[in-house]
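A closer look at the structure
Take a look at the letters that make up each chain.
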Amino acid sequence: MAVHAHPDDESSKGAATMARYADEGADVLVVTCTGGERGDILNPHLLHDPEVLADLPARRRAEMDAAAEALGIQQTWLGFVDSGLPEGDPLPPLPEGCFALTPLEETVPALVALIREFRPQVLLTYDENGGYPHPDHIMTHVVSMAAVEAAADAERYPELGEPWDVAKVYYHVSFRRSQLKAVHDALVERGLESPFGSWLEDWDDRDARQATTRVDVATYYPRRDAALRAHATQIDPDGFFFAVPRDLETEIWPWEEFELVRSTLPPTRGEGELEEDLFEGIRTARIEAAS
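Structural notes, computed from the coordinates.

Analysis parameters
- Residues numbered from 1 in each chain as written.
- Predicted model: local features only at pLDDT ≥ 70, side-chain atom pairs only at ≥ 80, totals over all residues.
- Heavy atoms only, no water.
- Helix = DSSP H or I, 4+ residues; strand = E, 2+ residues; numbered from the N terminus.
- Rg over C-alpha atoms; globule rule 2.2 N^0.38 Å.
- Buried < 20%, exposed > 50% of the residue type's maximum accessible area, 1.4 Å probe, protein only.
- Contact = heavy atoms within 4.5 Å.
- Areas by Shrake-Rupley, 256 points an atom, 1.4 Å probe, with all protein chains shown as cover.
- Lys, Arg positive; Asp, Glu negative; His and termini not counted.
- Charge placed at Lys NZ, Arg CZ, Asp CG, Glu CD.
- Pairing = 2+ DSSP bridges.
- Core = buried A, V, L, I, M, F, W, Y, C linked by side-chain atoms within 4.5 Å.

Here we look at the overall build of the protein chain
- Regarding its fold elements, the protein chain presents 11 helices and 7 strands.
- Computed over its C-alpha atoms, the radius of gyration of the protein chain comes to 19 Å, within 12% of the 19 Å expected for a compact globule of 291 residues.
- Taken over the C-alpha atoms alone, the protein chain extends approximately 55 × 45 × 35 Å along its principal axes.
- Sorting the 291 residues of the protein chain into buried and exposed places 48% on the buried side.
- Partitioning the intrachain contacts of the protein chain with sequence separation of at least 6 by distance along the chain shows that 80% fall at a separation of at least 24.
- Taken as a whole, the protein chain presents about 14200 Å² of accessible surface, with 51% of it coming from carbon and sulfur.
- Side chains of the protein chain give 25 positive and 55 negative charges; the mean places of these two sets differ by 4 Å.

Next up, the structure:
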């Protein structure tokens, strides 16, 4: 189960990993907390498209369906309203009724019910900063971690089904400086233009959060790209997501990375050693239980 804030987040974070595990036979479910109703149209080709402007929420739902199909996964909506990204100094207040302001008494049980129904062994979500400080991303972290704890407690929300303890919880580790520098250097060495030069110049220490797990997904980059393109209102087909030749990306950075933050299983690796599988330890425990 991967818990995301908006439609399109699932395609820019962990998409290739989900496609890989779906192909390997895992049931993969994306839970989208909001409908993305307040998202800006980020594709300049669609800024003035009358069909898009007529009903952006419906368009974003249709885009989500297409992205899920491209990845070969399931998807459901948690049912809350996009908070938007406040801008200005001082920041304006968040809109009434939005996800980031909805009490945990409403949001947490909604996710608990899905966890107990789907019974995931692995759950993916964002870190305490939301990956980046969007109010919906931060709230997705809060709700995800609270729901994992509550779903395992038989005394909480007994009306929502039998308790379920998620074996492993990971944060996405995306757009690390080390990753972008490796790709940037490879582009420059080949005489190609890099979209990341100015990023690296202004970058603070975003690698402070270290990956514990690195999943090889090189052959699934085309599926990830198809899912990104499905979110046509949010993804510019001429933007930075597609600026790196895929053969170079496959050679230089064929992984998606994650940080293990909660586990009910004993460690399977020494300190500093990277896991290569989100289900590491789970498969072993299953075999031992069967025997």
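Observations regarding the pairing of strand β2 (residues 29-34)
- Within β2, 6 of the 6 residues are buried, leaving the element largely enclosed by the surrounding structure.
- One ladder, built from 5 bridges, connects β2 with strand β3 (residues 74-80); its direction is parallel. Bridge pairing in β3 places Thr32 opposite Trp77.

Looking at the nonpolar core
- Membership of the largest hydrophobic core comes to 38 residues, with the highest contact counts inside it found for Met18, Leu71, Ile73, Val122, Leu124, Val183 and Leu278.
- Elements represented by at least two residues in this core include exactly α2 (15-23), α4 (56-71), β4 (122-125), α7 (177-189) and α9 (221-230).
- Residues Met1, Val108, Met139 and Val169 belong to the second largest nonpolar core, which totals 25 residues.

Examining the environment of Asp89
- You can see Asp89 is positioned in the loop between β3 and α5 (104-118).
- Through-space distance from the C-alpha of Asp89 to that of Leu56 is 28 Å; in sequence the pair is 33 residues apart.

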